[in-house]
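The residues making up each chain are set out below.
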Amino acid sequence: MCPFGRSIVNGTGSFFEVGRMVAHVLLIEGEDGLVAVDTGVGLDDCREGAARLGHGFMAFARPTLDPAETLLRQVERLGFRASDVKHILPTHLDVDHAGGLPDFPEATVHILEAEKTAAIERRTLPERLRYRPAQLAHGPRWKVYEPGGERWMGLSSVRALSDDVVLVPTYGHTRGHACVAVRAGEKWLLHCGDAYFFHGEMQPEPTCPPALRFFQGHVAIDDRARLENQARLRTLHAERKADVELFSAHCIVEFARYQAS
Ligand SMILES: [Zn+2]
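Residues numbered from 1 in each chain as written. Predicted model: local features only at pLDDT ≥ 70, side-chain atom pairs only at ≥ 80, totals over all residues. Heavy atoms only, no water.

1. Quick word on the nonpolar core
The following threshold applies: Side-chain atoms within 4.5 Å are what join buried Ala, Val, Leu, Ile, Met, Phe, Trp, Tyr and Cys residues into a set we call a nonpolar core. Working definition: with a 1.4 Å probe on protein chains only, accessible area under 20% of the residue-type maximum means buried, over 50% means exposed, and in between means partly exposed. A helix here means a DSSP run of H or I that spans at least four residues, while a strand means a run of E at least two residues long, and both kinds are numbered starting from the N terminus. Two residues qualify as a contact provided that any one of their heavy atoms is within 4.5 Å of a heavy atom in the partner residue.
With 19 residues, the main nonpolar core has Val 85, Ile 88, Leu 93, Leu 101 and Phe 104 as its most contacted residues. Contributing elements (two or more residues each) for this core: β2 (33-37), α5 (71-77), β3 (85-89), β4 (108-112) and α7 (113-121). Among the elements that take part in this core, α5 stands out by supplying 3 residues, more than any other. Apart from residues lying up to four places away in sequence, Ile 88 is in contact with Ala 36, Thr 39, Leu 101, Phe 104, Ala 107, Thr 108, Val 109 and His 110.

Here it is in structure tokens:
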């Protein structure tokens, strides 16, 4: 995504340069096939643009909509087929996270009940803008979860798929937002979705460029809860750095870490 105003989006460069944001998708080779965390925008989104994604998202995010960057095309470049993706865990169902779902119609979609309901009912005007019915029109194979009493690293959690894939409910950005924790050897990767947007927000003295700070507060269904959960993630990052690597869906600095390795 290429929003205007690099200095207020990325915290670097000039206001007159174009900013950069990513839709960070995690792909896991599991025992019975591939597992994806988030899906970015999909092939139909690339073809139809604003008609499918909405004018607000197109104007703010200015996505490149390059089919080669979709999850499906990247999965194919790795030598797999769409049907090899057996499970998808969207952190939530906003337009820039659920767009790839129709590209994997056979996958089971694991989600908190509150998020599925929010995306289907679209009760408020902001929810009518952020959730796009076309992205769910194929009828995903849902597997829904209620926030559970289990704990993961001290946080409330729900086991999904296996002991190695865990939903961490983080209400605030949306009604059923969840971070997704995946065990990777000795460590855990925590895909934080939109629980925060900028790597600086996980530092002891948090920083965030003004456009991202404004945007997050503006779109939150419950901003106080969002900030409380963000603080919990910050504590986790400070205390369990050796055990948990976390990243947000949209931060280019965090994304670059994994591109390099
Ligand atoms: Zn997002």
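There's plenty left to go through after this.
2. Observations regarding the environment of Asp 66
Selection criterion: Distance and chemistry together define a polar contact, namely a pair of N or O atoms within 3.5 Å, with one atom able to donate a hydrogen and the other to accept it when in protein, and with adjacent residues in sequence counting only for side-chain atoms on both sides.
Within the element layout of this structure, Asp 66 appears in the loop between α4 (55-61) and α5. At a separation of 3.0 Å, a polar atom in the side chain of Asp 66 contacts the main-chain amide nitrogen of Ala 68.

3. A short note on the packing of aromatic side chains
The description of an aromatic ring pair uses the distance of the two centres, along with the angle that the planes make with each other. Put simply, the rule reads: Pairing of aromatic rings covers Phe, Tyr and Trp, the last through its six-membered ring, and needs centres within 6.5 Å; plane angles under 30 degrees mean stacked, over 60 mean edge-to-face, and all others mean tilted. In our convention, an over-ring charge means Lys NZ or Arg CZ found within 6 Å of a ring centre and within 35 degrees of that ring's normal.
All told, the structure shown has 5 aromatic pairs when counted by the stated rule. Taken together through their ring pairs, the aromatic side chains of Phe 60, Phe 197 and Phe 215 make up a single cluster. Directly above the ring of Phe 4 sits Arg 62, whose terminal nitrogen or CZ lies 3.9 Å from the centroid.

4. Quick word on the coordination of the zinc ion
So the rule is basically this: With water excluded from the atoms, a metal site may look incomplete; its donors are any N, O or S atoms within 2.8 Å, or within 3.2 Å for Na, K and Ca. The geometry test gives tetrahedral to four donors whose angles all lie between 85 and 135 degrees, gives square planar to four donors and octahedral to six donors whose opposite members are over 155 degrees apart with all other angles between 65 and 115, and gives irregular to the rest.
Taken together, the protein donors to the zinc ion comprise Asp 96 (OD), His 97 (NE2), Asp 194 (OD) and His 250 (NE2), at separations of 2.1 to 2.4 Å. Given 4 donor atoms and angles of 83 to 166 degrees at the metal, the environment of the zinc ion is assigned as irregular. Between consecutive donors of the zinc ion, the numbers of intervening residues give the motif D-H-x96-D-x55-H. Of this pair, Asp 96 sits in helix α6 (residues 95-98) while His 250 is found in the loop between β11 (244-247) and α11 (252-260), placing the two residues 154 residues apart along the sequence.

5. Examining the pairing of strand β1 (residues 26-30)
Just so we agree on the cut-off: Think of it this way: DSSP has to see at least two bridges between two strands before they count as a pair.
As paired strands, β1 and β2 are joined by 5 bridges and run antiparallel to one another. Bridged to Glu 29 within β2 is Leu 34. Joining the antiparallel neighbours β1 and β2 is a turn of 2 residues.

6. Observations regarding the sheet that holds β1
Which entries qualify depends on this criterion: Lines are fitted to the C-alpha atoms to define the axes, a helix being fitted only along its stretch in contact, and any angle between axes, read from their N-to-C directions, falls within 0 to 180 degrees.
Spatially, the 5 strands line up as an open sheet ordered β1-β2-β3-β4-β5, and their pairing is mixed. In this open sheet, the two edge strands, each paired with only one partner strand, are β1 and β5 (141-145). Geometrically, the sheet is characterised by an average inter-axis angle of 20 degrees between neighbouring strands, direction not taken into account. Looking at chain direction, β4 and β5 are connected through 5 bridges and run parallel. Bridge pairing in β5 links Leu 112 to Tyr 145.

7. Digging into the environment of Ser 83
Along the polypeptide, Ser 83 turns up in the loop between α5 and β3. You can call Ser 83 partly exposed: its relative accessible area is 24%. On a C-alpha basis, the gap between Ser 83 and Arg 240 in space is 36 Å, while along the polypeptide they are 157 residues apart.

8. Describing the side chain of His 87
With respect to the element layout, His 87 can be found in strand β3. A relative accessible area of 13% means that His 87 is categorised as buried. His 87 has contacts with Asp 32, Leu 34, Val 35, Ala 36, Ala 107, Thr 108, His 110 and Leu 161, leaving out every residue within four places of it along the chain.

9. Overview of helix α10 (residues 223-239)
Each α-helix winds once per 3.6 residues, and so residues spaced three or four apart point in a common direction. Our working rule: The length a helix should cover is 1.5 Å for every residue beyond the first.
Taking 1.5 Å per residue as the helical rise, α10 with its 17 residues ought to reach 24 Å, and the 24 Å between its terminal C-alpha atoms agrees with that figure. Those residues of α10 that fall on the buried side of the exposure criterion are Ala 225, Arg 226, Asn 229, Gln 230, Leu 233, Arg 234, Leu 236 and His 237. In this structure, the buried side of α10 is in contact with β6 (150-152), β7 (155-160), β9 (178-184), β10 (187-191), α9 (210-219) and β11.

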